[in-house]
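Tertiary structure, described
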Amino acid sequence: MQFFLKRYRDLTVLMLVLAIQILLLAWQVRTGQDVRLIRVWAVASVMPLARIVEFVRANTIGVVREYSQLIDVRSKNAGLEKELGRLKLENQFLKSELATADRARALAAFQSRTQSRTIAARLIGSATGSNSRVVYLDRGAAAGVKKGMAVVTPDGIVGKIVAAFPSASQMMIITDPAFAAGVVSQRTRVHGTLKGQANANCLVEYIQNEDDIKDGDWFFTSGDDRIFPKGMPVGQVRMTRHGSIFRQIQLVPSGMRNGLEEVLIVLEGIHQDIPEGIPAAQELHMLPRPPAEPAADPVKMLDFSTTGSSLTTDADQVIERYRRIGAAQGHTFGSGPAPNFNIGMPEAPRAAPAKPAAPGAPPPTTPTQPPR
Amino acid sequence: MTNLGEPLYSKQRTVRERTRGHYVFFVLVPLLALMFQVYVPLFIASLAYLELPLLVTLHTALTRRSPVLALSYGCAVGLLQDALSNLPLGMYGIVKTLVGFFAANISMRVDVENSLVRFLTSLTLYFFHQFFYWVLARALLGQQLDFDLASSILFAVLNAAVAVPLFQLLDKL
């Protein structure tokens with residue numbers, strides 16, 4: 001035995017190492033568990049280097065670009081061209097700064113608009129393996145990120161967190177073959193399952209041939225997967241045709257149409273209704289804040305006679321009528337029994353109607369229920 | 001033959017430098033290779049097919065000429081690569097273990113200092129690496145991956161072309 005081990009030492013070690021790895025692999029596949037310690041070590045050893053390189057790149061690329069363009073300008077000759085090149089360069093730099101600011105502003109606007117609680121993150125690396133579509137984000141468990149959280153941009157969903165490490169997290173992109181999410185058609189409310197296929201498009205599966213889906217239809221998250229909050233845009237149908245059992249639907253994801261650089265991780269998702277219109281693109285124009293107004297008194301706001309507002313709608317008329325009924329009976333709305341709304345009160349004069357009523361039109365109806 | 005004129009400390013320094021070289025070889029180089037694979041494809045997507053961890057494993061196996069060392073090195077690099085992917089640990093580990101072992105055996109029979117031999121070895125073992133990974137993914141994980149022969153051969157040639165100057169650079173470390 002000893003002779004055998006000495007004679008075939010290399011082969012013995014090879015078999016041993018292979019056997020250990022196959023057993024490790026089998027254990028992971030069978031139990032669905034992961035050797036987290038090794039992954040944490042690997043991420044902790046590689047990602048800090050990636051962070052440093054990204055920091056250096058982000059801070060030096062402008063200088064390098066400027067230098068290279070200056071050389072180009074010098075080669076063209078003369079001080080005027082040099083000045084022109086510098087101005088061009090400055091313009092380009094400012095444009096890129098503006099684009100970055102726009103992206104950040106769009107993210108911030110989306111963050112304030114959505115009811116879900118989100119945190120902004122930045123891509124710092126991609127995972128190994130040519131088939132997987134997995135990237136690393138610079139926010140990890142320390143920032144509250146957990147496995148299974150949704151990742152979105154203002155344009156739509158882009159992926160989900162598949163592993164959270166202390167300083168970084170791993171995101172599976174929507175186009176990964178292992179990605180799946182519940183989706184619903186905006187027009188017909190047909191439910192399906194979104195799957196990645198390792199290219200720019202995704203598939204929507206498990207939709208019957210009889211269901212009405214057309215090219216250009218929008219799909220939104222259905223919330224069925226309990227990862228993505230309901231009502232977030234997913235993408236637009238690029239091609240649909242009959243399949244053997246289910247309809248074949250190719251979908252262009254909308255979340256990555258402006259690139260994938262800054263994203264939002266959904267820490268607490270709130271389901272929302274499926275919007276009726278077409279989702280707005282990321283580029284948005286925002287007006288400056290309006291000038292500050294004096295603090296408004298909600299009771300005075302109801303009193304149109306003091307605010308000077310013209311009563312133009314039926315609802316305003318009804319509110320005014322009930323207010324005067326309440327005042328005549330000394331009633332304070334919100335306390336005690338309801339006043340008698342059936343007593344006769346003269347109608348308030350209607351201020352300058354926009355259009356005279358057409359002859360033969362039905363008289364305005366009087367509501368029989370008090371406002372709540 | 002010992003040079004009597006050479007001072008004693010110079011021998012100690014040589015050992016120290018060699019040890020430092022080992023650290024560079026066994027820790028820094030694979031980490032840099034992995035970081036390259038993780039980071040650079042973000043900006044140049046076509047470089048995603050450059051398998052630097054494999055090339056580093058090949059270089060170690062070809063220059064050290066020890067099958068046990070080579071397969072251990074391949075195993076470690078492969079497991080690190082697995083750890084940075086979303087796949088179960090062991091896929092790249094198994095493949096790189098085998099690649100390291102085969103490369104070390106080749107190096108004991110053939111003169112691997114020659115650039116042409118290095119090119120052909122890298123080309124063959126890259127192709128083996130991709131093919132065996134595909135087999136493992138189908139057999140052990142049940143993944144329905146496509147194996148594109150033409151692109152695999154093309155990437156094998158590209159990786160081998162990168163391997164030759166890279167090995168010369170690593171020889172100097």
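What comes next is a walk through the structure. (Residues numbered from 1 in each chain as written. Chains lettered and ligands numbered in written order. Predicted model: local features only at pLDDT ≥ 70, side-chain atom pairs only at ≥ 80, totals over all residues. Heavy atoms only, no water.)

**Description of the packing of aromatic side chains**
One pass over the full model with this rule turns up 13 aromatic pairs over all chains. Considering the side-chain rings of Phe131(B) and Phe147(B), the 5.5 Å spacing of their centres and the 75° angle between planes classify their relative orientation as edge-to-face. Taken together, the residues span a long stretch of sequence, with Phe131(B) in helix H5 (residues 115-140) and Phe147(B) in the loop between H5 and helix H6 (149-171) at a distance of 16 residues. Classification of Phe131(B) as partly exposed rests on a relative accessible area of 37%. Taken together through their ring pairs, the aromatic side chains of Phe101(B), Phe102(B), Phe128(B) and Phe132(B) make up a single cluster. We note Lys160(A) situated over the ring of Phe179(A); from NZ or CZ to the ring centre the distance is 5.4 Å. (Phe/Tyr/Trp six-rings, centres within 6.5 Å; stacked < 30°, edge-to-face > 60°. Helix = DSSP H or I, 4+ residues; strand = E, 2+ residues; numbered from the N terminus. Buried < 20%, exposed > 50% of the residue type's maximum accessible area, 1.4 Å probe, protein only. Lys NZ or Arg CZ within 6 Å of the ring centre and 35° of its normal.)

**A look at the interface of chain A and chain B**
Interface size is often expressed as the accessible area that is lost when the parts come together. Contacts between the two partners involve 41 residues from chain A, matched on the other side by 36 residues from chain B. Across the chain A/chain B interface, buried area totals approximately 3400 Å², and carbon plus sulfur atoms make up 73% of it. For the chain A face of the interface with chain B, the top three residues by lost area are Gln21(A), Leu25(A) and Thr128(A), together amounting to 19%. The tally of links between chain A and chain B comes to zero salt bridges. Viewed at the interface, chain B and chain A are joined by 13 residue pairs in polar contact (both at pLDDT 80 or more). If you list the elements that add at least two residues to the side of chain A that touches chain B, you get helix H2 (9-31), helix H3 (36-76), strand E1 (117-126), strand E2 (134-137) and strand E5 (169-173) of chain A. Class assignment for the residues of the side of chain A that touches chain B results in 24 nonpolar, 11 polar and six charged. (Contact = heavy atoms within 4.5 Å. Buried area = accessible area lost by both parts, 1.4 Å probe. Salt bridge = Lys/Arg side-chain N within 4 Å of Asp/Glu carboxyl O. Polar contact = N/O pair within 3.5 Å; in protein donor to acceptor, adjacent residues only side chain to side chain. Nonpolar A, V, L, I, M, F, W, Y, C, P; charged D, E, K, R; others polar.)

**A look at the packing of helix H2 (residues 52-64) of chain B against H6(B)**
Residues and elements named next belong to chain B. The N-to-C vectors of H2 and H6 enclose an angle of 55°; their axes lie 10 Å apart at closest approach. Taken together, the axis directions place H2 and H6 in an arrangement best described as oblique. The two elements H2 and H6 meet at a crossing, and its hand is right-handed. Residues Leu 52, Leu 55, Leu 58, His 59, Leu 62 and Thr 63 of H2 pack against Asn 159, Val 162, Ala 163, Leu 166, Phe 167, Leu 170 and Asp 171 of H6. Looking at the contact of H2 with H6 residue by residue, the classes come out as nine nonpolar, three polar and one charged. (Axes fitted to C-alpha atoms, helices over the stretch in contact; angles between N-to-C directions. Parallel < 35°, antiparallel > 145°, perpendicular 65-115°, else oblique. Left-handed = near helix turned anticlockwise from the far one by under 90°.)

**Digging into the side chain of Ser116(A)**
Residues and elements named next belong to chain A. Looking at where Ser 116 falls in the secondary structure, it is placed in the loop between helix H4 (79-113) and E1. Of the polar contacts made by the side chain of Ser 116, one reaches the backbone nitrogen of Ile 270; its length is 2.9 Å. Sequence-distant contacts of Ser 116, defined by excluding residues within four places in its chain, comprise Pro 229, Val 266, Glu 268, Gly 269 and Ile 270.

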